Amino acid sequence: MGPVDYIVVEFPGNRMTGEAFPLLVDLVDRGLIRILDLVFIRKDEDGSVNALEIADLTGDGNLDLAVFEGAQSGLLGDDDIEEAAAAVEPGNSAGLLIYENAWAAPFAAALRRSGAQLVASGRLPVQALIASLEAAEAAS
(Lines give C-alpha, C1' and ligand atoms only; values in the text may rest on other atoms or scores of the structure.)
Protein backbone atom coordinates (compact mmCIF):
# COMPACT_ATOMS: atom_id res chain seq x y z
CA MET A 1 0.00 0.00 0.00
CA GLY A 2 1.19 3.52 -0.75
CA PRO A 3 1.08 6.50 1.59
CA VAL A 4 -2.39 7.63 2.62
CA ASP A 5 -3.32 11.31 2.77
CA TYR A 6 -6.41 13.33 3.49
CA ILE A 7 -7.61 16.72 2.36
CA VAL A 8 -10.49 18.91 3.44
CA VAL A 9 -11.59 21.28 0.69
CA GLU A 10 -13.95 24.10 1.65
CA PHE A 11 -16.59 25.44 -0.73
CA PRO A 12 -17.58 28.97 0.37
CA GLY A 13 -21.30 29.56 0.27
CA ASN A 14 -21.87 25.88 -0.53
CA ARG A 15 -20.90 26.56 -4.17
CA MET A 16 -19.49 23.47 -5.86
CA THR A 17 -18.93 23.84 -9.59
CA GLY A 18 -17.95 20.22 -10.15
CA GLU A 19 -14.96 21.28 -12.27
CA ALA A 20 -12.51 19.21 -10.21
CA PHE A 21 -14.54 15.97 -10.16
CA PRO A 22 -13.54 14.76 -13.66
CA LEU A 23 -9.91 15.40 -12.73
CA LEU A 24 -10.31 13.32 -9.58
CA VAL A 25 -11.84 10.50 -11.62
CA ASP A 26 -8.90 10.75 -14.04
CA LEU A 27 -6.41 10.35 -11.17
CA VAL A 28 -8.24 7.18 -10.12
CA ASP A 29 -8.55 5.86 -13.68
CA ARG A 30 -4.81 6.32 -14.27
CA GLY A 31 -4.02 4.43 -11.06
CA LEU A 32 -2.32 7.40 -9.39
CA ILE A 33 -4.64 7.44 -6.39
CA ARG A 34 -7.21 5.15 -4.82
CA ILE A 35 -10.10 6.80 -3.01
CA LEU A 36 -10.63 5.26 0.40
CA ASP A 37 -13.27 7.67 1.69
CA LEU A 38 -15.13 10.64 0.28
CA VAL A 39 -17.61 12.55 2.41
CA PHE A 40 -19.28 15.89 1.80
CA ILE A 41 -20.03 18.04 4.82
CA ARG A 42 -22.30 21.06 5.26
CA LYS A 43 -21.78 23.40 8.20
CA ASP A 44 -24.87 25.48 8.89
CA GLU A 45 -24.76 29.06 10.15
CA ASP A 46 -25.52 27.81 13.68
CA GLY A 47 -22.46 25.53 13.53
CA SER A 48 -24.38 22.28 13.16
CA VAL A 49 -22.75 19.75 10.85
CA ASN A 50 -24.40 17.39 8.37
CA ALA A 51 -22.82 14.76 6.16
CA LEU A 52 -24.30 15.02 2.66
CA GLU A 53 -25.27 12.20 0.35
CA ILE A 54 -23.11 11.83 -2.73
CA ALA A 55 -25.43 12.88 -5.52
CA ASP A 56 -25.96 15.93 -7.67
CA LEU A 57 -24.52 18.30 -5.06
CA THR A 58 -24.83 21.35 -7.31
CA GLY A 59 -28.54 20.73 -7.88
CA ASP A 60 -28.24 21.58 -11.58
CA GLY A 61 -28.91 18.07 -12.80
CA ASN A 62 -25.72 17.99 -14.87
CA LEU A 63 -23.23 16.49 -12.44
CA ASP A 64 -23.35 12.75 -11.93
CA LEU A 65 -21.34 11.81 -8.84
CA ALA A 66 -22.48 8.18 -8.87
CA VAL A 67 -18.89 7.20 -9.66
CA PHE A 68 -18.00 8.20 -6.07
CA GLU A 69 -20.84 6.24 -4.47
CA GLY A 70 -19.57 3.61 -2.07
CA ALA A 71 -16.25 5.37 -1.46
CA GLN A 72 -16.32 4.37 2.21
CA SER A 73 -13.52 2.30 3.70
CA GLY A 74 -14.83 2.54 7.24
CA LEU A 75 -11.83 4.60 8.34
CA LEU A 76 -13.93 7.68 9.06
CA GLY A 77 -16.07 8.04 12.14
CA ASP A 78 -18.39 10.80 13.27
CA ASP A 79 -15.55 12.32 15.31
CA ASP A 80 -13.41 12.60 12.15
CA ILE A 81 -16.21 14.38 10.32
CA GLU A 82 -16.64 16.78 13.25
CA GLU A 83 -12.89 17.44 13.31
CA ALA A 84 -12.85 18.16 9.57
CA ALA A 85 -15.88 20.42 9.96
CA ALA A 86 -14.01 22.44 12.60
CA ALA A 87 -11.84 23.79 9.76
CA VAL A 88 -14.91 24.90 7.79
CA GLU A 89 -16.59 28.28 8.26
CA PRO A 90 -20.32 28.30 9.08
CA GLY A 91 -22.47 28.56 5.96
CA ASN A 92 -19.98 26.62 3.86
CA SER A 93 -19.58 23.03 2.80
CA ALA A 94 -16.53 20.83 2.32
CA GLY A 95 -15.31 17.62 0.83
CA LEU A 96 -13.26 15.27 3.00
CA LEU A 97 -11.17 12.94 0.87
CA ILE A 98 -8.94 10.13 2.13
CA TYR A 99 -6.83 8.61 -0.61
CA GLU A 100 -3.95 6.25 -1.13
CA ASN A 101 -1.07 7.49 -3.27
CA ALA A 102 -1.19 4.33 -5.37
CA TRP A 103 1.65 5.54 -7.59
CA ALA A 104 3.99 5.22 -4.59
CA ALA A 105 2.93 1.69 -3.54
CA PRO A 106 5.67 -0.21 -5.44
CA PHE A 107 8.33 2.19 -4.14
CA ALA A 108 7.01 1.93 -0.57
CA ALA A 109 6.86 -1.87 -0.78
CA ALA A 110 10.49 -2.02 -2.01
CA LEU A 111 11.58 0.18 0.89
CA ARG A 112 9.73 -2.00 3.42
CA ARG A 113 11.25 -5.18 1.94
CA SER A 114 14.72 -3.68 2.37
CA GLY A 115 13.98 -2.91 6.03
CA ALA A 116 13.58 0.85 5.58
CA GLN A 117 10.88 2.73 7.42
CA LEU A 118 9.39 6.18 7.09
CA VAL A 119 10.53 8.32 10.01
CA ALA A 120 9.27 11.75 8.91
CA SER A 121 6.82 13.15 6.41
CA GLY A 122 5.28 16.51 5.67
CA ARG A 123 3.63 18.73 3.16
CA LEU A 124 4.41 22.26 2.10
CA PRO A 125 1.28 24.46 2.05
CA VAL A 126 0.74 25.57 -1.55
CA GLN A 127 -0.10 29.15 -0.55
CA ALA A 128 3.17 29.48 1.39
CA LEU A 129 5.15 27.94 -1.48
CA ILE A 130 3.63 30.33 -4.03
CA ALA A 131 4.31 33.31 -1.74
CA SER A 132 7.94 32.24 -1.32
CA LEU A 133 8.44 31.78 -5.07
CA GLU A 134 6.86 35.15 -5.81
CA ALA A 135 9.06 36.84 -3.20
CA ALA A 136 12.18 35.20 -4.64
CA GLU A 137 11.19 36.24 -8.15
CA ALA A 138 10.54 39.84 -7.03
CA ALA A 139 13.94 39.96 -5.32
CA SER A 140 15.82 38.85 -8.45
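Residue positions are given per chain, counting from 1 as you read along its sequence in written order. With the structure being a predicted model, the display of local features is reserved for residues of pLDDT at least 70 and the display and counting of side-chain atom pairs for 80 or more, all residues being used for whole-chain, interface and lining totals. Side-chain figures throughout are based on the complete set of non-hydrogen atoms in the structure, without hydrogens or water.

K.L.:
Lay out a negative patch on the surface with the relevant residues and their values.
P.N.:
Note on patches: the residues involved have over 30% relative accessible area and no salt bridge, like charges join within 9 Å, and the nonpolar side chains Val, Leu, Ile, Met, Phe, Trp and Tyr join within 5 Å. Reported accessibility uses the Shrake-Rupley method at a 1.4 Å probe radius. Residues are deemed covered only where the shown protein chains occlude them. The salt bridge criterion pairs a side-chain nitrogen of Lys or Arg with a carboxyl oxygen of Asp or Glu, the two atoms within 4 Å. Two residue types count as positive, namely Lys and Arg, and two as negative, namely Asp and Glu; His and chain ends fall outside the count. Charge placement uses NZ in Lys and CZ in Arg. For Asp and Glu, CG and CD serve respectively. Negative charge collects at one region of the surface, where Asp78, Asp79, Glu82 and Glu83 lie side by side. Secondary structure follows DSSP: runs of H or I at least 4 residues long count as helices, runs of E at least 2 residues long count as strands, and numbering of each begins at the N terminus. Here glutamate 83 is to be found in helix H2 (residues 78-85). Burial status follows relative accessibility: with a 1.4 Å probe on protein chains alone, a residue under 20% of its type maximum counts as buried, one over 50% as exposed, and anything between as partly exposed. Glutamate 83 sits in the exposed class, given a relative accessible area of 60%.

K.L.:
Lay out the pattern of salt bridges with the relevant residues and their values.
P.N.:
Under the counting rule described, the total for this entry stands at four salt bridges. Note that arginine 30 is salt-bridged to aspartate 26, the shortest N-O span being 2.9 Å. The class for arginine 30 is exposed, based on a relative accessible area of 52%. Between aspartate 44 and arginine 42 there is a salt bridge, and its shortest N-O distance comes to 3.2 Å.

K.L.:
Run through a nonpolar patch on the surface, naming residues and quoting values.
P.N.:
On the surface, Leu124, Leu129 and Leu133 cluster together into a nonpolar patch covering about 320 Å² of accessible area. Turning to its location among the elements, leucine 124 is positioned in the loop between helix H3 (105-113) and helix H4 (126-139). Assessed through its relative accessible area of 63%, leucine 124 is described here as exposed.

K.L.:
Now, about the sheet that holds strand S4 (residues 93-100): what can you tell me, with residues and values included?
P.N.:
In this scheme, strands are said to pair when DSSP sees at least two bridges between them. Spatial ordering of the open sheet is given by S1-S4-S2-S3, a layout of four strands whose pairing is antiparallel. The open sheet is flanked by strand S1 (4-11) and strand S3 (49-52), the only strands paired with a single partner. For this sheet the average axis-to-axis angle between neighbouring strands, irrespective of direction, equals 25 degrees. The pairing of strand S2 (residues 34-43) with S3 spans four bridges and is antiparallel. Bridge pairing links phenylalanine 40 to leucine 52 in S3. Taken strand by strand, H2 contacts S1, S2, S3 and S4, and its axis lies near 60 degrees from that of S2. Each axis is a line fitted through C-alpha atoms, taken for helices only over the stretch in contact, and angles between the N-to-C directions span 0 to 180 degrees. By definition, residues are in contact when any of their heavy atoms lie within 4.5 Å.

K.L.:
Residue-level account of the side chain of asparagine 101, with values.
P.N.:
Inspection of the secondary structure puts asparagine 101 in the loop between S4 and H3. For asparagine 101, a relative accessible area of 9% gives the class buried. Polar contact is defined as a pair of N or O atoms within 3.5 Å, subject to the rule that within protein one atom must be able to donate a hydrogen and the other to accept it, and that residues adjacent in sequence are counted only when both atoms are side-chain atoms. A polar atom in the side chain of asparagine 101 sits 2.8 Å from the side chain of aspartate 5. Discounting residues that sit within four places of it in the chain, asparagine 101 has contacts with Gly2, Pro3, Asp5 and Leu32.

K.L.:
Got a sec to walk through H4? Specific residues and values, please.
P.N.:
Given a rise of 1.5 Å per residue, 14 residues ought to cover 20 Å, and the 20 Å separating the end C-alpha atoms of H4 matches this to within 8%. Counting buried residues along H4, only zero of its 14 residues qualify, which leaves the element largely exposed. Expected span of a helix, by definition, is 1.5 Å for each gap between consecutive residues, and there is one gap fewer than residues.

K.L.:
Report on the nonpolar core, specifying residues and quantitative values.
P.N.:
As used in this record, nonpolar core signifies buried Ala, Val, Leu, Ile, Met, Phe, Trp, Tyr and Cys residues forming a set joined through side-chain atoms within 4.5 Å. Membership of the largest hydrophobic core is limited to 10 residues, which are Phe11, Met16, Phe21, Leu24, Ile33, Ile35, Leu38, Phe40, Leu97 and Tyr99. Elements that contribute at least two residues to this core include exactly helix H1 (21-29), S2 and S4. Of all the elements, S2 adds the most residues to this core, at three residues. Core analysis: the second largest hydrophobic core is formed by six residues, Val39, Ile41, Ala84 and Leu96 among them.

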